[in-house]
Amino acid sequence: MQLTALLLMLTIGFIPTAGVAADVAAGQAIFNRCKICHTVEAGGRNAVGPNLHGVFGRKAGTSEGFVYSEGMKSSGITWDDEQVAKYLHNPREFIPGNKMAFPGIKDDKEMADLLAYLHEATK
């Protein structure tokens with residue numbers, strides 16, 4: 001019981017966007033760190049990373065035309081705000097063996113802004 005409560009507290013406490021107002025324009029500026037490897041527009045090219053159009057609701061490792069790591073393909077994740085935030089907070093820890101060489105976003109406001117932008121840019 002105590003372990004379950006601890007895991008619940010850690011999970012809830014780790015959702016970096018809870019209660020943080022988001023700014024789409026600020027998120028677009030934050031995405032500048034990502035666009036060297038990712039595109040967001042429909043039909044956009046895959047680069048070092050996959051095109052992110054339609055990412056929310058998609059199963060990890062399934063974007064057509066991109067070669068994913070085994071870690072990503074076997075993660076079983078479906079991308080939603082919580083999963084994207086956890087991944088972007090610390091990609092190597094969240095999905096061991098994935099190929100994304102990114103140190104992570106630790107600031108809650110930046111994460112909320114980036115998620116707001118991604119929702120707009122990838123739909």
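Structure: see above.
Report follows, based on the coordinates. (Residues numbered from 1 in each chain as written. Predicted model: local features only at pLDDT ≥ 70, side-chain atom pairs only at ≥ 80, totals over all residues. Heavy atoms only, no water.)

## Describing the overall build of the chain
Definition in use: Segments assigned H or I by DSSP are reported as helices when at least four residues long, segments assigned E as strands when at least two residues long, and all are numbered from the N terminus. Only protein chains enter the area calculation, which uses a 1.4 Å probe; residues under 20% of their type maximum are buried, those over 50% are exposed, and those in between are partly exposed. Here a residue-residue contact requires only that any non-hydrogen atoms of the pair lie within 4.5 Å. Each accessible area value is a Shrake-Rupley result obtained with a 1.4 Å probe; residue values ignore everything except the protein chains displayed when judging cover.
Counting secondary structure elements, the chain contains six helices and zero strands. Order of helices (α) and strands (β) in the chain, N terminus to C terminus: α-α-α-α-α-α. The burial tally for the chain puts 39% of its 123 residues in the buried class. Of the contacts formed within the chain by residues at least 6 apart in sequence, a portion of 45% connects residues at least 24 apart. Summing over all exposed atoms, the chain offers an accessible surface of approximately 7200 Å²; the carbon and sulfur share of this is 59%.

## Thoughts on the pattern of salt bridges
We count it as follows: Salt bridge, as used here: a side-chain nitrogen of Lys or Arg that lies within 4 Å of a carboxyl oxygen of Asp or Glu.
Tallied over the entire structure, the rule returns five salt bridges. Residue E82 pairs with K86 through a salt bridge whose shortest N-O separation is 3.0 Å. In this pair, E82 and K86 both sit in helix α4 (residues 81–89), four residues apart, roughly one turn of the helix. A salt bridge links D113 to K109, with the nearest nitrogen and oxygen atoms 2.8 Å apart. One end of the pair, D113, and the other, K109, are both in helix α6 (residues 108–121), four residues apart, so they sit about a helical turn from each other. Here K109 falls in the partly exposed class, since its relative accessible area comes to 36%.

## Let's talk about the environment of G43
Note that G43 resides in the loop between α2 (24–31) and α3 (70–73). Measuring from C-alpha to C-alpha, the distance between G43 and H53 comes to 7.7 Å, with ten residues separating the pair along the chain.

## A short note on the environment of M100
Inspection of the secondary structure assignment puts M100 in the loop between α5 (91–94) and α6. Along the backbone, M100 and C37 are 63 residues apart, and their C-alpha atoms lie at a distance of 9.3 Å.

## Things to note about the packing of α2 against α6
Quick note on the threshold: With axes taken as lines fitted to C-alpha atoms, and helix axes fitted only over the stretch in contact, angles between N-to-C directions fall between 0 and 180 degrees. Angle categories are assigned with fixed cut-offs, so that under 35 degrees is roughly parallel, over 145 is roughly antiparallel, 65 to 115 is roughly perpendicular, and the rest are oblique. Residues are grouped as follows: Ala, Val, Leu, Ile, Met, Phe, Trp, Tyr, Cys and Pro are nonpolar; Asp, Glu, Lys and Arg are charged; every other residue, Gly included, is polar.
Look at α2 against α6: their axes get within 7 Å of each other, and the N-to-C directions meet at 95 degrees. In terms of axis orientation, α2 runs roughly perpendicular to α6. Along the contact surface, α2 presents V24, A26, G27, Q28, I30 and F31, while α6 presents E110, D113, L114, A116, Y117, L118 and E120. Class assignment for the residues of the contact of α2 with α6 results in eight nonpolar, two polar and three charged.

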